[in-house]
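Structure at a glance
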Amino acid sequence: MASRIIPVDTFDLVIFGGTGDLARRKILPGLFRRFCASQIPKESRIIGVARTHLERKDYLLLAHDSITEFSGNHIIDKEYLEAFLGMLHYIKVDAQGEDGWEELGELVRKDVVNAYYLSVGPNLFGEIASRLNKWNIATPESRVVIEKPFGHDLSSAKKLNGILSQYFSENQIYRIDHYLGKETVQNLMAVRFGNLLFEPLWNSQYIDHIQISVAETVGVGGRGAYYDKSGAMRDMVQNHLMQLLCLIAMEPPSQFNPNSVRDEKLKVIRALADVEPHHIVRGQYDLTKTEQSYRQDAENSHSFTESYVAIKTEVNNWRWAGVPFYLRTGKKLKMRSSEIAIIFKELPHSIFEKGEGEKQNILAIQLQPNEGMTLDVTIKEPGPGGMRLINVPLDMTFAEALGDHGEDNPDAYERLIMDVIRGNQTLFMRGDEVEAAWMWTDPIIKAWESRNDVPKLYDAGSAGPEDAMALIQRDNRLWREIK
Ligand code: BG6
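An account of the accompanying structure is given in this report. Everything numeric in this text was worked out from a predicted model, so none of it was measured. (Residues numbered from 1 in each chain as written. Predicted model: local features only at pLDDT ≥ 70, side-chain atom pairs only at ≥ 80, totals over all residues. Heavy atoms only, no water.)

Before going further, it helps to spend a moment on the sheet that holds strand S8 (residues 280-286). If you trace the nine strands from one edge of the open sheet to the other, you get S14-S13-S12-S11-S7-S10-S9-S8-S15, paired in mixed fashion. The sheet terminates laterally at strand S14 (389-395) and strand S15 (456-459), the two strands that pair on one side only. On average, adjacent strands in this sheet sit at an angle of 20° to one another, irrespective of strand direction. Bridge count for strand S7 (residues 207-215) against strand S10 (residues 325-330) is six bridges, and the pairing is parallel. Residue pairing for S10: alanine 215 is matched across the bridge by glycine 330. Helix H15 (residues 466-473) contacts S7, S8, strand S9 (308-313), S10 and S15 of the sheet and is inclined by roughly 10° relative to S9. (Pairing = 2+ DSSP bridges. Helix = DSSP H or I, 4+ residues; strand = E, 2+ residues; numbered from the N terminus. Axes fitted to C-alpha atoms, helices over the stretch in contact; angles between N-to-C directions. Contact = heavy atoms within 4.5 Å.)

Right, here's the structure in full:
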């Protein structure tokens, strides 16, 4: 099936932190892929900005090498790459001083869409926003893209929102959570709100519980300094996992537009139950024969930071009363696998002989790898031998079902940057959403801090700490296997 790609308008995109890790790994390769897909007009400008002095040719070399290194299996067409590099510029700008701003102002055009990607530490957001304003570079139509972490607690998030709102209105601010740009995450909305089938069952009457698991094999090596101050709760739960939870639990918005969707997500966050201390398990990976420990990776031999969290919570409203939501995420686990599983209730009454094998229906949404969905249903085992029941998955793996369209899926960042240029904020977090998410997370973190909570150790390469298994087993349930 041929994919239908709609080109965006010509734009000027300024990347603050233009030589940084995110620019090299995600932003530049992602833009190149969209360019190859004919989505980006060649008259557009991509302007890398950083505080180091670089000639334009050096920046092109950096971009060339980043694209070559981080384009995965994508075959790089030399002619396209040359043409793409032709759109790139570099300016040395001092975010905390006045150097370079005039030159930047001369290069950015006011008669095309212009966007500013702040891929820098939050301490620079205010400095950059104020100078974009002072040097008359940004206009009321400009867009500003903000990377996470958006603060480290409620008060710092409020402060950042306050600073940004001095210079930009909310409809100009794009707070990125790249999980919202993942193909399957969007498909979750399509499945829920584009089919009649699921929505009538999507409530406490039919759903037993929900599991959201984001398991990673990577450790924190290389980012220890950042991660050790953050931990899994701030790095993953406050944003990615909560956003996934919102999309599962929200009411159908009246329209698929940014504010309708975000209003509904906000209501979910506000309805989240406070987490009891015994409904949460923190873990930290320990060394094994082959793997370093968290403390070695983070270069902090006394660290109590968690690299794993498992939480049981509920959404306190009519739809979800009594349905537990189990969330877990961790680093250096046995497999990289992210999944949302909707586990439906058992049959109210079985007409078959006991032990015939009916199982609960499970809708499993696999975010990565192998994006797709399966729906476990009970059927009769084919052939003679009486009524023997088996449980089989109805497989909705997208790459197979959609042929080349599936393989061509843009990475989350590519999709989100194109949404910025289109001016579509649906997949970005609104300021009040971020604040509400911190409001729920803050007391949990504060409670750990006040009692110097020590995370449970788990072997690197395992499925996580034993206590996390016990958390769900106490309710006579099991975590889905990480596979
Ligand atoms: C980032 C976190 O936001 O998401 C990282 O800071 C984490 O710690 C990453 O590894 C996971 O993203 P993905 O897309 O690889 O699941």
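This part covers the environment of alanine 412. Examined against the element boundaries, alanine 412 turns out to sit in helix H13 (residues 412-422). Exposure remark for alanine 412: the relative accessible area of 8% places this residue in the buried category. Note: C-alpha distance between alanine 412 and isoleucine 311 (101 residues apart in sequence) is 26 Å. Setting aside residues no more than four positions away along its own chain, alanine 412 makes contact with His178, Gly181 and Lys182. (Buried < 20%, exposed > 50% of the residue type's maximum accessible area, 1.4 Å probe, protein only.)

Our focus in this paragraph is H15. Each α-helix winds once per 3.6 residues, and so residues spaced three or four apart point in a common direction. By the burial criterion, the buried members of H15 are Ala468, Met469, Leu471 and Ile472. Seen along its axis, H15 keeps its buried residues to an arc of 150°; they face one direction. Looking at the buried residues of H15, the elements they touch are S7, S8, S9 and S10. (Arc of directions from axis to C-beta.)

For the rest of this paragraph, the subject is the pairing of S7. With respect to burial, S7 is a largely interior element, nine of its nine residues being buried. Direction of pairing for S7 relative to strand S11 (residues 337-344): antiparallel, over a ladder of eight bridges. Its bridge partner lying in S11, glutamine 211 is registered against alanine 341.

This brings us to the site of the ligand. Around the ligand, a shell composed of Lys148, His178, Tyr179, Lys182, Glu216, Arg223, Asp235, Met236, His240, Lys331, Arg336 and Gln368 is seen. Between the ligand and lysine 331 there is a distance of 2.8 Å, counted from an oxygen atom to a side-chain nitrogen or oxygen. In the model, an oxygen atom of the ligand is placed 2.6 Å from a nitrogen or oxygen of the glutamine 368 side chain. When isolated, the ligand has an accessible area of 390 Å², and the protein chains bury 80% of it. Considering every element that reaches the shell around the ligand, the biggest residue donor is helix H8 (residues 224-249), with three residues. A per-class count over the shell around the ligand returns two nonpolar, three polar and seven charged. (Near = heavy atom within 4 Å. Polar contact = N/O pair within 3.5 Å; in protein donor to acceptor, adjacent residues only side chain to side chain. Areas by Shrake-Rupley, 256 points an atom, 1.4 Å probe, with all protein chains shown as cover. Nonpolar A, V, L, I, M, F, W, Y, C, P; charged D, E, K, R; others polar.)

What follows is about the packing of helix H6 (residues 154-167) against helix H14 (residues 431-450). At a minimum axis separation of 9 Å, H6 and H14 run at an interaxial angle of 165°. Taken together, the axes of H6 and H14 are roughly antiparallel relative to one another. Along this stretch, H6 crosses H14, giving a crossing that reads as left-handed. Facing Leu154, Ala157, Lys158 and Asn161 of H6, the residues of H14 in contact are Gly431, Glu435, Trp438, Met439 and Asp442. When its residues are assigned to classes, the contact of H6 with H14 shows four nonpolar, two polar and three charged. (Parallel < 35°, antiparallel > 145°, perpendicular 65-115°, else oblique. Left-handed = near helix turned anticlockwise from the far one by under 90°.)

What follows deals with the pattern of salt bridges. Enumeration over the complete set of coordinates arrives at 36 salt bridges. Across the pair lysine 26 and aspartate 411 runs a salt bridge whose closest N-O atoms are separated by 3.4 Å. With lysine 26 in helix H1 (residues 21-36) and aspartate 411 in the loop between helix H12 (404-407) and H13, this residue pair connects regions lying 385 residues apart in the sequence. Accessibility expressed as a relative area gives 32% for lysine 26, which makes it partly exposed. (Salt bridge = Lys/Arg side-chain N within 4 Å of Asp/Glu carboxyl O.)

Here we take up the side chain of arginine 262. The residue arginine 262 is located in helix H9 (residues 258-271) in this model. In this structure, arginine 262 is buried with no salt-bridge partner, the nearest side chain bearing the opposite charge being glutamate 433 at 4.7 Å. Ignoring any residue separated from it by four or fewer positions in sequence, one finds arginine 262 in contact with Gln425, Thr426, Phe428, Met429, Arg430 and Glu433. (Lys, Arg positive; Asp, Glu negative; His and termini not counted.)

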